[in-house]
Amino acid sequence: MLNTKPKQNIKQQDRERILAEKAAEREILKEARRKERAEKLKERTYVEEFDRGVYDIKNPNRYEIMLSKGLSEEIVREISSIKNEPDWMLKKRLAALEIYQKMENPNWGPDLSELDMDEIATYIRPKAQMESNWQEVPDEIRKTFELLGIPEAELDYLSGVGAQYDSEVVYHNMKDYLALQGVVYTDFESGVEQYPEIIREYFGTCLKPNLHRYSALHYAVWSGGSFVYVPEGVQVDIPLQSYFRMNAPGAGQFEHTLIIVEKGGSLHFIEGCSAPRYNTINLHAGGVELFVKEGAKLRYSTIENWSRNMYNLNSKRAIVEKNGVIEWISGSFGSRVSMLYPASILIGEGARSEFTGITFAGAGQTLDTGAQVVHKAPHTYSTVETKSISKGGGKAIYRSLVQVEEGAYGCKSNTDCQSLMLDAQSRGDTIPTIILKNDDVDFGHEAKIGRIDDQAIFYLMSRGLSEEEAKAMIVRGFAEPVAKELPLEYAVEMNELINLELKGAIG
Amino acid sequence: MTKTNMRTNELRGNKLPALTWNWMDVNDVKIDLQNTQKIPYTAVQSVGTVDQKLKQTFYDLDHGISEEVMRMNTEQCNLANHWRISDSEPIEVRLPQSAENPLLVDQNQIVVPPLQNGTVLLYNYSEDDSRVERNSTILIDVENDAEVNVVLVQRLNKDSVSNVSIVARVGDGARLNLATVELGAGNTVFHYMVDMEGFGAESHIKTAYLGSGNDHLDLFYHVRHIGEECVSDIQVNGALMDHAVKKFRGTIDFVEGCSGSDGNEEEFTILLDDTVRSVAVPLLLAHEDDIVGNHAASAGQIDDEQLFYLMSRGLSRKESEGLIVESRMTPTFDQIPNEKLRLDLRNEVHSRIIRR
């Protein structure tokens, strides 16, 4: 109860003595504890920057069209005319450009001041036509994608693949039996040409140009990307994949992905991103719009391994209807600065969203990632599970929003985010926001930051494991929930990456 | 929002240490201090003399709610207290406000010399229905191996505005226990910032609140671990009913060099009505790897099983709800060194839940 201590009545000279004693004891303790901690640190082995291998392969920069750097109305009009676009699309682009010019960079989050749009080319067409026969893709480009494992993946595992090189899609293919069922998988330009009604109805309605500055930029200069349409009741049993590769230095990639899964359909879509390293700044501001209809299911996986000169300001958003399910799998490894918060808007009763993400920030990287969920309908459910790891002065920031609207009763939401820091130079921040606007909500949020629990190690060791094995087991366990959700070839790649970086690194 | 919140001359404060999306309106909060005159406060006399040098040192650390609010506090100050605690009986100060004392702008300094311990209770309440304002700053300096319990109880009426900024510093092996109870004021802005500078310094915070009517509560905590092996925790428990809005924004900041530190924050909200709004922003900022930080936030209705159990024992539904909410606040109430006040607060919480 009451914690007022009784009078101590210590005499003045005793007081001084006690204080001196305490101070001396503390000095000894401080030294001892510092030593102990230093011992722990010594046990760590530091892993140098890993070799990004095939990702860093640069190709000679051959292109057919490269628009001048910077952004203006002429450039936007030129992109539109190169693409032979309908008038409504040009109007959309110009409206977005106007919004972009009015908006400022955000006053929160990572520093974007180094990003100078005047130095970035918004449109580059590689010297290639879009092909659906792999052998006809120009040698250099084909070789790059082969090294990245794209065609093998297609043979073994995928039902379709699209590959984008700089601003244009260079290869697109899908298994025939899916086309017979009415599944559409094509590059976005062909989508605009062949399915104008659908695109016009959905384009820009989920992800709006006025969302933020780089969303406006995206809509002004978008190029390439994918359009996927899954008709009612069709289950696409093996994944579709698209791969984005940026080769030209000082360029921007602004692909637009629009996926519609009709009532009762299902799809797994995989997105991979990479670019070689240059000393100039590149920008990626893609847009992903997902429509999950009644009872449909969509899994959207991303492994992002951009080079460390990339500003990855990507926007992703899904609208989920009654009993629909959206599953996000997101791995962020590359880029210099990332701001990526996939959003799920649950508008139908019983809609569900699951987000699983891992972020790995190394030296010089600021990866500001997370998720947003808006519960707009009753009995909607969401889970967010994220892991962030930072090392070598890297900053891993988890930023999220869970919002439950008025009238969205019986919603459940659970968030679990964990951060692991491998050295004292790194940063691991957690910035979640939770807004609840009605009382019938079951909400939980948990976050953890720090080093491995000694007790966990002790427990495993008491079961007969060596200390090293115990630590390794705990670290694998940390990344496991994310790794197991990834498609096989990506999971292997990610595990290798993590193993390399984590080996013995936790004290 | 209450009508008194609608004003043109906008003053903002309690800015987050790390900003996030602007549209969510959680980066800062509107301050509703309308009185700009210096009016005397006659209910109690000042104690001691404010140490200007100490004040400056603390203002250099943190500007409380905002620089502007701090400036108003200095200019309009009508009550200044300075306590140097020496193993004494609990200090209890009652700060009534009424039509006669519509403005309380108090500066308080609590200095705890080495190895001393003590308790300070500041109890601010309304005596009538008139709109009153409070703008308070409390500086707490806990020197080596000292311990202090600071308890703040706020029961102003619904038309009133309460702004309290606490800035504290904790030395080697010292401990600061803070308990706050927010049961009144239609507009409450609370700011707590602590620098744990010493080796093994500790900061423990317990808050209980009950928001009803059109209350707007902003509870802001910023705990900085600077010294090695510091321990901190934040526990916020409360309930919301009617159209009350609560924003909890707590940050545990692990500054580089605070090796071996351990920080926890926990926020639990009971939602009693459909129309309430609960916002939580529990930040963890880590610049140091050899630390452990945890946060948990949860919100929901009263647990059905607990309710069922109590009702099966013959209590009415409202009575049971009252008991459950009251029990969540008990750990905070237990810190109050005045039994009568403790009982009073329990009764108020209970009857407000039952009468709703």
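Anything mentioned here points back to the structure above.
Everything numeric here is computed off the predicted structure, so don't read it as measured data.

**Details of the overall build of chain B**
Broken down by element type, chain B carries 5 helices and 18 strands. Considering chain B as a whole, with its 356 residues, one finds that 65% of them fall into the buried category. For chain B, the share of sequence-separated contacts (at least 6 apart) that also reach a separation of at least 24 residues comes to 84%.

**Considering the nonpolar core**
Inside soluble globular proteins, nonpolar side chains tend to come together where they are buried. Counting 96 residues, the largest nonpolar core has Leu267 of chain A together with Ile110, Ile140, Leu176 and Tyr192 of chain B as its most contacted members. Sequence-distant contacts of Leu267 of chain A, defined by excluding residues within four places in its chain, comprise Val228, Val230, Val236, Leu240, Ile259, Val261, Lys297, Leu298 and Arg299 of chain A.

**Details of the pattern of salt bridges**
Residue and element names in this part refer to chain B. Tallying each qualifying case throughout the model produces 46 salt bridges over all chains. Across the pair Lys247 and Asp25 runs a salt bridge, and its minimum N-O distance is 3.6 Å. Placement of Lys247 in strand E15 (residues 245-254) and of Asp25 in the loop between strand E1 (11-13) and strand E2 (29-31) is noted, with a sequence separation of 222 residues between them. Here Arg131 makes a salt bridge to Asp32, at a shortest N to O gap of 3.5 Å. Linking Arg131 in the loop between strand E6 (117-126) and strand E7 (133-142) with Asp32 in the loop between E2 and helix H1 (52-61), this pair joins segments that are 99 residues apart in sequence. Overall, Arg131 belongs to the partly exposed group, its relative accessible area being 26%. When salt bridges that share partners are traced, they join Arg12, Asp25, Asp28 and Lys247 into one network.

**Here's the deal with the packing of aromatic side chains**
Applying the stated criterion across every chain, the model contains 16 aromatic pairs over all chains. Pairing Phe188 of chain A with Phe203 of chain A gives two aromatic rings, centres 5.7 Å apart and planes at 35 degrees, and the pair type is tilted. Here Phe188 of chain A, found in helix H7 (residues 188-194), pairs with Phe203 of chain A, found in the loop between helix H8 (196-202) and helix H9 (213-221); they are 15 residues apart in sequence, far enough to count as distant. Under the relative-accessibility criterion, Phe203 of chain A is labelled buried at 1%. Relative to Trp222 of chain A, the ring of Phe203 of chain A lies with its centre 6.0 Å away and its plane at 55 degrees, an arrangement referred to as tilted. Taken as a pair, Phe203 of chain A in the loop between H8 and H9 and Trp222 of chain A in the loop between H9 and strand E6 (225-230) lie far apart in primary sequence, 19 residues in all. Through a chain of ring-to-ring contacts, the aromatic side chains of Trp88, Phe188, Phe203, Tyr219 and Trp222 of chain A assemble into a single cluster. A cation over an aromatic ring shows up here: Arg328 of chain B above the ring of Phe268 of chain B, its NZ or CZ 4.0 Å from the ring centre.

**Some thoughts on the interface of chain A and chain B**
Between chain A and chain B, the residue contacts involve 62 residues of the former and 63 residues of the latter. Summing both sides of the interface, chain A and chain B together bury roughly 5,500 Å²; the carbon and sulfur share of this comes to 50%. Arg26 of chain A is the salt-bridge partner of Asp145 of chain B, the closest N and O atoms lying 3.0 Å from each other. The tally of links between chain A and chain B comes to 15 residue pairs in polar contact (both at pLDDT 80 or more). When contributions to the side of chain A that touches chain B are tallied by element, the ones reaching two or more residues are helix H1 (12-42), strand E22 (395-404), strand E24 (427-436) and strand E25 (441-450) of chain A. A per-element tally of the side of chain A that touches chain B places H1 of chain A first, with 12 residues. Across the side of chain A that touches chain B, the residue classes tally to 23 nonpolar, 16 polar and 23 charged. Bridge analysis of E24 of chain A against strand E17 (residues 277-286) of chain B gives 6 bridges, and the strand direction is antiparallel. Pairing of Ile435 of chain A across the sheet is with Val279 of chain B, part of E17 of chain B.

**Thoughts on the packing of helix H4 (residues 317-333) of chain B against helix H5 (residues 339-354) of chain B**
Residue and element names in this part refer to chain B. For the pair H4 and H5, interaxial distance at closest approach is 8 Å and the crossing angle is 145 degrees. Both H4 and H5 take part in a crossing whose hand is right-handed. Across the interface between the two elements, Lys318, Glu319, Glu321, Gly322, Leu323, Val325, Glu326, Met329, Thr330 and Phe333 of H4 pack against Arg342, Leu345, Arg346, Val349, His350, Ile353 and Ile354 of H5. Here the residues of the contact of H4 with H5 sort into 8 nonpolar, 3 polar and 6 charged.

**With respect to the pairing of E24 of chain A**
All names here are of chain A. Among the 10 residues of E24, 10 are classified as buried, and the element is accordingly described as predominantly covered. Going residue by residue along E24, you find Arg427, Asp429, Ile431, Thr433 and Ile435 tucked away on one face and Gly428, Thr430, Pro432, Ile434 and Leu436 tucked away on the opposite face as well. As paired elements, E22 and E24 share 10 bridges and run parallel to each other. Bridge pairing in E24 links Gln403 to Ile435.

**What to know about the side chain of Asn438 of chain A**
Examined against the element boundaries, Asn438 of chain A turns out to sit in the loop between E24 and E25. Here the side chain of Asn438 of chain A touches Glu405 of chain A through a polar contact of 3.1 Å, landing on its backbone oxygen. Within the structure, Asn438 of chain A has its side chain in polar contact with the backbone oxygen of Ala408 of chain A (distance 2.9 Å). Those residues within four positions of Asn438 of chain A in sequence are excluded, and the remaining contacts are Val404, Glu405, Gly407, Ala408 and Tyr409 of chain A together with Leu271, Asp274 and Val276 of chain B.

**Some details on H4 of chain B**
All names here are of chain B. An ideal rise of 1.5 Å per residue puts 24 Å on 17 residues; H4 measures up with 23 Å between its terminal C-alpha atoms. The largest bend in H4 amounts to roughly 35 degrees and is located at Ser327, with the proline Pro331 lying one to four residues further along. Taken together, the buried positions of H4 are occupied by Ser320, Glu321, Gly322, Ile324, Val325, Glu326, Met329, Thr330, Thr332 and Phe333. The inward-facing, buried residues of H4 contact strand E10 (175-182), strand E12 (202-211), strand E14 (231-240), strand E16 (262-271), helix H3 (304-312) and H5.

Reading guide: rules and limits
Residues numbered from 1 in each chain as written. Chains lettered and ligands numbered in written order. Predicted model: local features only at pLDDT ≥ 70, side-chain atom pairs only at ≥ 80, totals over all residues. Heavy atoms only, no water. Helix = DSSP H or I, 4+ residues; strand = E, 2+ residues; numbered from the N terminus. Buried < 20%, exposed > 50% of the residue type's maximum accessible area, 1.4 Å probe, protein only. Contact = heavy atoms within 4.5 Å. Core = buried A, V, L, I, M, F, W, Y, C linked by side-chain atoms within 4.5 Å. Salt bridge = Lys/Arg side-chain N within 4 Å of Asp/Glu carboxyl O. Phe/Tyr/Trp six-rings, centres within 6.5 Å; stacked < 30°, edge-to-face > 60°. Lys NZ or Arg CZ within 6 Å of the ring centre and 35° of its normal. Buried area = accessible area lost by both parts, 1.4 Å probe. Polar contact = N/O pair within 3.5 Å; in protein donor to acceptor, adjacent residues only side chain to side chain. Nonpolar A, V, L, I, M, F, W, Y, C, P; charged D, E, K, R; others polar. Pairing = 2+ DSSP bridges. Axes fitted to C-alpha atoms, helices over the stretch in contact; angles between N-to-C directions. Left-handed = near helix turned anticlockwise from the far one by under 90°. Expected span 1.5 Å × (residues − 1). Bend = angle between axes of the 7 residues up to and from the residue.

These figures capture arrangement, not role.
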